[in-house]
Amino acid sequence: MRGWRALTWAGSASAVALTAHSLLNARGLRVPVLDPPPVPGRVSVLVPARDEEEDLPACLASLLDQVEVPDHEVVVVDDASSDRTAEVVESFAATDPRVRLVRSAGPRPGWLGKTSACDEAARHATGEVLVFVDADVVLAPHAVASAVDLLRRTGLDVVCPYPRQLALTWSERLVQPLLQWSWLTTLPLRRAEVSPRPSLAAANGQFLVVDAATYRRAGGHAAVRGEVLDDLALLRAVKAVGGRGGVADGTALATCRMYGGWGDLRDGYTKSLWAAFGSAPAAAAVGAGLAVTYLVPPVAALAGSPVGAVGYLAGVVGRYAAAERTGGRSVPDAFWHPASVALLLGLLGDSWRRRRRGGLVWKGRSL
């Protein structure tokens, strides 16, 4: 009992401290302007696409509807798709010369699919700024101009305006909000932008804007060719050559529905969660910390502990604040935060189990 009380106190204190940190982060989060000036110079928007015939039309339509970007191109790499992805791109290219299709035979030896496709797109790009956009992302008309303005105005080399994550099914509503919640809660965002430490990095390849010269100086996607979390690895590569960057508020700029339900979500997270913390011992330590901070207090609260109740409510407040700040669903979802953390820990364990058995597969390819 004494040990349990100590865990309850430790978890509740940690939850309160992390929630306080997230509230400070939310106030300092960089927000792009919504009425950006015209972008000087050429911008290359690059879209890696594999079997994306359903999502790609909305994405491309939004890319061609951009304002205040007088000179931009859209390069789409069809990554050996088995559906009509190439035909979709060709239909847009037939009516708009800004769109170019690059056909890929698939990843080269030693490369993963997305890193190879991004590299091919960058090789065809002619812009001073490269904007990587996933095929399931839809941009607001001012998104590219606002993101490039933020990049130039702040002097950063990489900016990832985090899209508003659309979550419809129960599993999406439990897990997807943890994306923004995690970096708002744990990372000192402004310090992370300039720190070369690999642990102080947050990125999102769904909408990633990078200075082209810095991208090439860092080695581009060739430097991260075998990385499952290529966006995070690319930011670290940029920092390694003296660059700066991180996440920003992209709530008003873009939307993305990453997964269409439990099956897609489970496969998507298990393919990459094993790489999120660097090593198995580090992943175990993070998992233990999350359990003590966000699972022990609510269990103690159910047993009548007022300290546990404080810890549980602190977690709820942090989740609520993150949702309000990033356009997510705050009520009643924030009250289910312990269930979200428990499900995330289950996915983390499953990811390591599949990794060790060699069972990681994504879009028909072994990882």
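In what follows, the accompanying structure is described. Model, not experiment: these values are computed from the prediction.

With that out of the way, let us pick up the overall build of the chain. Tallying secondary structure elements over the chain gives 15 helices and ten strands in all. Referenced to the eigenvectors of the C-alpha coordinate spread, the extents of the chain come out at roughly 70 × 45 × 35 Å. The burial tally for the chain puts 54% of its 367 residues in the buried class. Across the chain, every contact between residues at least 6 apart in sequence was considered, and the portion connecting residues at least 24 apart equals 81%. Treating the 39 positive side-chain charges of the chain as one cloud and the 35 negative ones as another, the clouds have centres 10 Å apart.

Moving on: the sheet that holds strand 6 (residues 158-165). Strands pair in a sheet through their backbones, by hydrogen bonds, and they do so in one of two ways: parallel or antiparallel. Pairing is mixed across the open sheet formed by eight strands, whose spatial order is 3-2-1-4-7-6-8-5. Lying at the two open borders of the sheet, with one neighbouring strand each, are strand 3 (99-104) and strand 5 (137-139). Averaged over all adjacent pairs, the angle separating strand axes in this sheet is 30°, with direction ignored. Taken together, the seven bridges between strand 1 (residues 43-49) and strand 2 (residues 72-79) define a ladder with parallel strand orientation. Bridging from a neighbouring strand, Val 43 pairs with His 72 of strand 2. Along the sheet, helix 5 (residues 143-154) contacts strand 1, strand 4 (129-133), strand 5, strand 6, strand 7 (207-211) and strand 8 (245-256); its crossing angle with strand 7, the most-contacted strand, is approximately 45°.

If the charged atoms of two oppositely charged side chains come close together, the side chains can form a pair. By the definition in use, this model includes 22 salt bridges. In this structure, Lys 114 engages Asp 134 in a salt bridge whose closest nitrogen and oxygen atoms are separated by 2.9 Å. With Lys 114 in helix 4 (residues 113-124) and Asp 134 in the loop between strand 4 and strand 5, this residue pair connects regions lying 20 residues apart in the sequence. The exposure class assigned to Asp 134 is buried, which follows from its relative accessible area of 15%. Where salt bridges share partners, they join Arg 266, Asp 267, Asp 350, Arg 353 and Arg 354 into one cluster.

What follows is about the nonpolar core. One finds Leu 46, Leu 130, Phe 132, Trp 183 and Tyr 269 to be the most contacted residues of the largest nonpolar core, which totals 60 residues. Per element, the largest residue contribution to this core is six residues, and it comes from helix 15 (residues 337-357). Excluding its chain neighbours within four sequence positions, the residues that come into contact with Phe 132 are Leu 46, Cys 118, Ala 122, Gly 205, Gln 206, Phe 207, Leu 208, Val 210, Tyr 215 and His 221. Val 133, Ala 135, Val 137 and Leu 156 belong to the second-largest nonpolar core, a separate cluster that totals 38 residues.

Looking now at the environment of Val 89. Tracing the backbone through its elements, the reader meets Val 89 in helix 3 (residues 85-93). Overall, Val 89 belongs to the buried group, its relative accessible area being 0%. Considered as a pair, Val 89 and Leu 60 are 29 residues apart in the sequence and their alpha carbons are 8.1 Å apart. Once residues lying within four places of it in the same chain are set aside, the contact partners of Val 89 are Leu 56, Leu 60, Val 76, Val 99, Arg 100 and Leu 101.

Right, let's get into the packing of helix 12 (residues 280-294) against helix 15. Closest axis-to-axis distance for the helix 12/helix 15 pair is 10 Å, and the angle between their directions is 165°. Relative to helix 15, the element helix 12 is oriented roughly antiparallel. As helix 12 packs across helix 15, the resulting crossing turns out to be left-handed. Touching Ala 280, Ala 283, Gly 287, Leu 290, Ala 291 and Tyr 294 of helix 12 are His 337, Pro 338, Val 341, Leu 344, Leu 345, Leu 348, Trp 352 and Arg 356, all from helix 15. Class assignment of the residues belonging to the contact of helix 12 with helix 15 gives a composition of eleven nonpolar, two polar and one charged.

Conventions adopted
Residues numbered from 1 in each chain as written. Predicted model: local features only at pLDDT ≥ 70, side-chain atom pairs only at ≥ 80, totals over all residues. Heavy atoms only, no water. Helix = DSSP H or I, 4+ residues; strand = E, 2+ residues; numbered from the N terminus. Buried < 20%, exposed > 50% of the residue type's maximum accessible area, 1.4 Å probe, protein only. Contact = heavy atoms within 4.5 Å. Lys, Arg positive; Asp, Glu negative; His and termini not counted. Charge placed at Lys NZ, Arg CZ, Asp CG, Glu CD. Pairing = 2+ DSSP bridges. Axes fitted to C-alpha atoms, helices over the stretch in contact; angles between N-to-C directions. Salt bridge = Lys/Arg side-chain N within 4 Å of Asp/Glu carboxyl O. Core = buried A, V, L, I, M, F, W, Y, C linked by side-chain atoms within 4.5 Å. Parallel < 35°, antiparallel > 145°, perpendicular 65-115°, else oblique. Left-handed = near helix turned anticlockwise from the far one by under 90°. Nonpolar A, V, L, I, M, F, W, Y, C, P; charged D, E, K, R; others polar.

These results come straight from atomic positions and should not be treated as a statement about function.
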